[in-house]
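Listed below, chain by chain, are the residues.
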Amino acid sequence: MSLTEDILSQLPGEILPGLRRADELLAALRADNIPIPGVVQENSEPLGNVEWDAVICGGTLGILIAAALAYRGMQVALLERGILRGREQEWNISRHELRVFIELGLLNQAELENAIATDYNPARVAFHEGTEIWVEDVLNIGVNPVYLLETLKQKFLAAGGKLFENTPFQSAVVHPDGVIVNNQFKTRLLLDAMGHFSLISQQARNGKKPDALCLVVGTCATGFPENRTGDLLLSNTSLQNQCQYFWEAFPAQDGRTTYMFTYMDASPQRLNLEALFEDYLRLMPDYQGVKLNQLEIKRALFGFFPSYRQSPLQTPWHRILPVGDSSGSQSPLSFGGFGAMVRHLHRLTVGIDEALQADELSAKALSLLQPYQPNLTVTWLFQKAMSVSGNQQIHPQQINQLLSAVFVEMQKLGEPVLKPFLQDVIQFSGLSKTLVKTGLLHPLEVIKVVPQVGLFALLDWTIHYSNLGIYSALSSFSPVLEPWIQKMSTSQQYFWHRWIDSWKYGSGGDYS
Ligand SMILES: Cc1cc2nc3c(=O)[nH]c(=O)nc-3n(C[C@H](O)[C@H](O)[C@H](O)COP(=O)(O)OP(=O)(O)OC[C@H]3O[C@@H](n4cnc5c(N)ncnc54)[C@H](O)[C@@H]3O)c2cc1C
């Protein structure tokens, strides 16, 4: 019996079968064996009477935008296939990002404090036989999803929103004046918040295989030596199984959370979640200085995150907008989809409100709500530099050495460069300074990356890097446009505001 079978079979619930089901889905995805759904259709006849401004399918992150839209007076229905309830395991995020809940009127200060289950400092970034850096106030807050979702649900209902639980999304027919969902709900706009495996986003992607994957496994357990610090990105091994393993660790309400994650391409030969779990259980005691039998494991966690170069997802249909994980709007480096949604919540709320007011609900108009963001696209190269393809030969320490070199220079450049990067916000000036310093002071580490990532990827990256510079310039210039935009029609205002948002968010200008 493997360590994974032994330990997971002792946990309550169907954890081991759940892990194996996730592996079956992963294998089907890698083998390109997932049928293309046909859940969205189009019809040229008008619907006539449309009851809802927005129908949102998928409750986990869907309730965030549902509550925000209902609070602004829109008629909103939320369809959840099960019961709307947050998971037990905290979501980690940085405190300043949570301000948006207060700004949008969704939580008051006391409710926000109640939603914070844990708060620790400092956190470490460290690489095997290399740099060790400590930072404060980055992803150091653990939000309690059960409390947050329940509180937002109450706000949503109080604002007139309607929640339909045990109501799975099955079909959508797009008409010129609305969408009919499940042959029942007639809405002006359909928001898809059904996660990475949403049938709508699978159909929109036309069954395309992901370009890369991030696999994550972990546990929340008690029995560790007392430790009120965390790890944001840590490696303590060289390459194993053609993977560079990274760790994250956080003090949690129920003990200590430790995650091991790794990036890879989507080829079928790569290791699966069960094999990664086995390595996690083998390596974790050494990492945390504890014996496995000293731990009481409260829960096991696992998941895989497909990422697509064509992200965020823009659907081919009018009146349908993906949000949350289904939109692919988080960077391929991060499995912080809650954080990504929170970061874009204000932008999405105002943008959807303006789209409804201006009746700008065409596919082209909605694509500006999930726009191209060069600061997301540049991270593809970093993801490639932190992974190895199946048959590639590189020095087992190459990734650690590169990351050590980059982070030591970022640390010298100071917090304004280091902190946004660690929160998944890439900015042109910080990135440029880091590249110049790393290139000049660690040329060998940088040159070795070229064959690892490939010349094409590097050339492609330079385009997005240049766009990042252009977006930064446009974003800093955009405030002068506002008085001029105010004089335009609501439709023109909608487009200009979306372009300004895309410059701002696409260049990391939203980070404060
Ligand atoms: C191990 C692990 C740790 C993580 N840690 C963090 C973290 O620390 N910080 C962070 O920011 N993020 C973290 N994440 C990511 C975060 O959990 C996800 O980004 C978030 O759950 C995405 O929410 P979602 O609603 O977009 O998709 P999902 O979580 O996939 O939820 C989809 C929702 O849609 C519903 N649904 C699905 N199909 C249908 C249907 N047909 N009809 C109606 N409803 C449907 C589901 O029931 C569910 O409510 C972690 C993820 C994992 C796996």
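Residues numbered from 1 in each chain as written. Predicted model: local features only at pLDDT ≥ 70, side-chain atom pairs only at ≥ 80, totals over all residues. Heavy atoms only, no water.

### Some thoughts on the overall build of the protein
Argument step 1. Scanning the protein from N- to C-terminus turns up 19 helices and 18 strands.
Argument step 2. Computed over its C-alpha atoms, the radius of gyration of the protein comes to 23 Å, within 12% of the 24 Å expected for a compact globule of 512 residues.
Argument step 3. Looking at the protein as a whole, 59% of its 512 residues qualify as buried.
Argument step 4. The distance from the centre of the 39 positive side-chain charges to the centre of the 50 negative ones in the protein is 3 Å. (Helix = DSSP H or I, 4+ residues; strand = E, 2+ residues; numbered from the N terminus. Rg over C-alpha atoms; globule rule 2.2 N^0.38 Å. Buried < 20%, exposed > 50% of the residue type's maximum accessible area, 1.4 Å probe, protein only. Lys, Arg positive; Asp, Glu negative; His and termini not counted. Charge placed at Lys NZ, Arg CZ, Asp CG, Glu CD.)

### Some thoughts on the packing of helix H3 (residues 62–71) against helix H9 (residues 337–358)
Argument step 1. For the pair H3 and H9, the least separation of the axes is 10 Å and the interaxial angle reads 30°. What the angle tells us is that H3 and H9 run roughly parallel. The chirality of how H3 crosses H9 is right-handed. Contacts between H3 and H9 involve Leu64, Ile65, Ala68 and Leu69 from the former and Phe338, Met341, Val342, Leu345, Leu348, Thr349 and Ile352 from the latter.
Argument step 2. Residues of the contact of H3 with H9, tallied by class, amount to ten nonpolar, one polar and no charged. (Axes fitted to C-alpha atoms, helices over the stretch in contact; angles between N-to-C directions. Parallel < 35°, antiparallel > 145°, perpendicular 65-115°, else oblique. Left-handed = near helix turned anticlockwise from the far one by under 90°. Contact = heavy atoms within 4.5 Å. Nonpolar A, V, L, I, M, F, W, Y, C, P; charged D, E, K, R; others polar.)

### With respect to the layout of surface pockets
Argument step 1. Taken as a whole, the second largest pocket encloses approximately 560 Å³ of empty space.
Argument step 2. Lining the second largest pocket are 24 residues, with Arg343, His346, Lys504, Tyr505 and Asp510 sitting closest to its centre.
Argument step 3. If you list the elements that add at least two residues to the lining of the second largest pocket, you get helix H4 (99–103), H9 and helix H19 (490–506). (1 Å grid on protein atoms, 1.4 Å probe; cavity = no way out; pocket = protein on both sides within 12 Å on 5 of 7 lines; lining within 4 Å. Points joined across faces, edges and corners; volume = space filled by probe spheres on them.)

### Quick word on empty space enclosed by the protein
Argument step 1. Inspection of every chain in the model, using the stated rule, returns six cavities of 30 Å³ or more.
Argument step 2. Volume-wise, the largest cavity comes out at about 380 Å³.
Argument step 3. Lining the largest cavity are 31 residues, and of these His196, Arg205, Pro306, Ser307 and Tyr308 lie nearest its centre.
Argument step 4. Elements that contribute at least two residues to the lining of the largest cavity include exactly helix H7 (199–204), strand S17 (296–307) and helix H11 (374–377).
Argument step 5. Per-element accounting of the lining of the largest cavity gives the leading share, three residues, to S17.
Argument step 6. In terms of residue class, the lining of the largest cavity is made up of twelve nonpolar, 13 polar and six charged.
Argument step 7. Looking at the second largest cavity, its volume works out to about 140 Å³.
Argument step 8. The set of elements that each furnish at least two residues to the lining of the second largest cavity consists of H9 and H11.

### Examining the nonpolar core
Argument step 1. The biggest cluster of nonpolar side chains holds 53 residues, and the ones touching the most others in it are Leu64, Ile65, Phe101 and Ile352.
Argument step 2. It is H9 that contributes the most residues to this core, nine residues altogether.
Argument step 3. Among residues more than four places away in sequence, those in contact with Leu64 are Phe101, Leu106, Leu152, Phe338, Met341, Val342 and Leu345.
Argument step 4. By size, the runner-up hydrophobic cluster in this structure holds 46 residues, among which are Val138, Phe261, Phe382 and Ile394. (Core = buried A, V, L, I, M, F, W, Y, C linked by side-chain atoms within 4.5 Å.)

### What to know about the site of the ligand
Argument step 1. Surveying the vicinity of the ligand reveals 26 residues, the closest of which are Thr60, Glu80, Asn92, Phe169 and Gly339.
Argument step 2. The contact in question runs from a nitrogen atom of the ligand to an N or O atom on the side chain of Arg87, over 3.3 Å.
Argument step 3. Asn92 places a polar main-chain atom, nitrogen or oxygen, 2.8 Å from an oxygen atom of the ligand.
Argument step 4. Protein contact buries 85% of the 990 Å² of open area that the ligand shows by itself. (Near = heavy atom within 4 Å. Polar contact = N/O pair within 3.5 Å; in protein donor to acceptor, adjacent residues only side chain to side chain. Areas by Shrake-Rupley, 256 points an atom, 1.4 Å probe, with all protein chains shown as cover.)

### Description of the packing of helix H2 (residues 15–30) against helix H8 (residues 273–288)
Argument step 1. At their nearest, the axes of H2 and H8 sit 8 Å apart, and the two run at 130° to each other. Here H2 is positioned oblique relative to H8, judged by the angle of their axes. On the side of H2, the interface is formed by Leu16, Leu19, Arg20, Ala22, Asp23 and Leu26, while H8 contributes Leu273, Glu274 and Phe277.
Argument step 2. Here the residues of the contact of H2 with H8 are counted per class, giving six nonpolar, no polar and three charged.

### Description of the environment of Leu191
Argument step 1. Turning to its location among the elements, Leu191 is positioned in strand S12 (residues 185–192).
Argument step 2. For the pair Leu191 and Val76, spaced 115 residues apart in the sequence, the C-alpha separation amounts to 10 Å.
Argument step 3. Apart from the residues lying within four places of it in its own chain, the contact partners of Leu191 are Val55, Ile56, Cys57, Ile65, Leu69, Leu321 and Ile352.

### Some details on the sheet that holds strand S5 (residues 116–119)
Argument step 1. Sheet architecture is open: three strands sit in the order S4-S8-S5, paired in antiparallel fashion. On the outer flanks of this sheet lie strand S4 (91–93) and S5, each paired with one strand and no other. Within the sheet, the average angular offset between the axes of one strand and its neighbour, ignoring direction, is 30°.
Argument step 2. Both S5 and strand S8 (residues 141–143) contribute to a ladder of three bridges, which runs antiparallel. When the bridges of S8 are listed, Asp119 appears paired with Ile141. (Pairing = 2+ DSSP bridges.)

### Description of H2
Argument step 1. With 16 residues, H2 ought to run about 22 Å at 1.5 Å a step, and its terminal C-alpha atoms sit 22 Å apart, in line with that.
Argument step 2. Of the positions making up H2, those classed as buried are Ile15, Leu16, Gly18, Leu19, Ala22, Asp23, Leu26, Leu29 and Arg30. Burial along H2 is one-sided: seen end-on, the buried residues are contained in an arc of 160°. Pointing more than 90 degrees away from the buried face of H2 are the exposed residues Arg21 and Glu24.
Argument step 3. Buried-residue contacts for H2 involve helix H1 (3–8), strand S13 (212–222), strand S16 (255–264), H8 and S17.
Argument step 4. Phi for Asp32, located one or two positions after H2, is positive at around 60°. (Expected span 1.5 Å × (residues − 1). Arc of directions from axis to C-beta.)

### Regarding the domain arrangement of the protein
Many authors give the size of an interface as the accessible area that is lost as the parts come together.
Argument step 1. According to the domain assignment, the protein contains domain 1 (3–26 + 209–307), domain 2 (40–118 + 139–207 + 315–371) and domain 3 (375–476).
Argument step 2. The gap between the C-alpha centroids of domain 2 and domain 3 is 32 Å.
Argument step 3. Counting residues at the interface gives eleven residues for domain 2 and ten residues for domain 3.
Argument step 4. Approximately 840 Å² of surface area, both sides summed, lies buried where domain 2 meets domain 3, with 61% of it carried by carbon and sulfur atoms.
Argument step 5. Looking at the side of domain 2 facing domain 3, the largest losses of area belong to Pro332, Leu333 and Arg343, adding up to 59% of the total buried there.
Argument step 6. Our enumeration of links across domain 2 and domain 3 arrives at zero salt bridges.
Argument step 7. Joining domain 2 to domain 3, the criterion identifies four residue pairs in polar contact (both at pLDDT 80 or more).
Argument step 8. Counted by class, the side of domain 2 that touches domain 3 contains three nonpolar, six polar and two charged residues. (Domains from an automatic or database assignment. Buried area = accessible area lost by both parts, 1.4 Å probe. Salt bridge = Lys/Arg side-chain N within 4 Å of Asp/Glu carboxyl O.)

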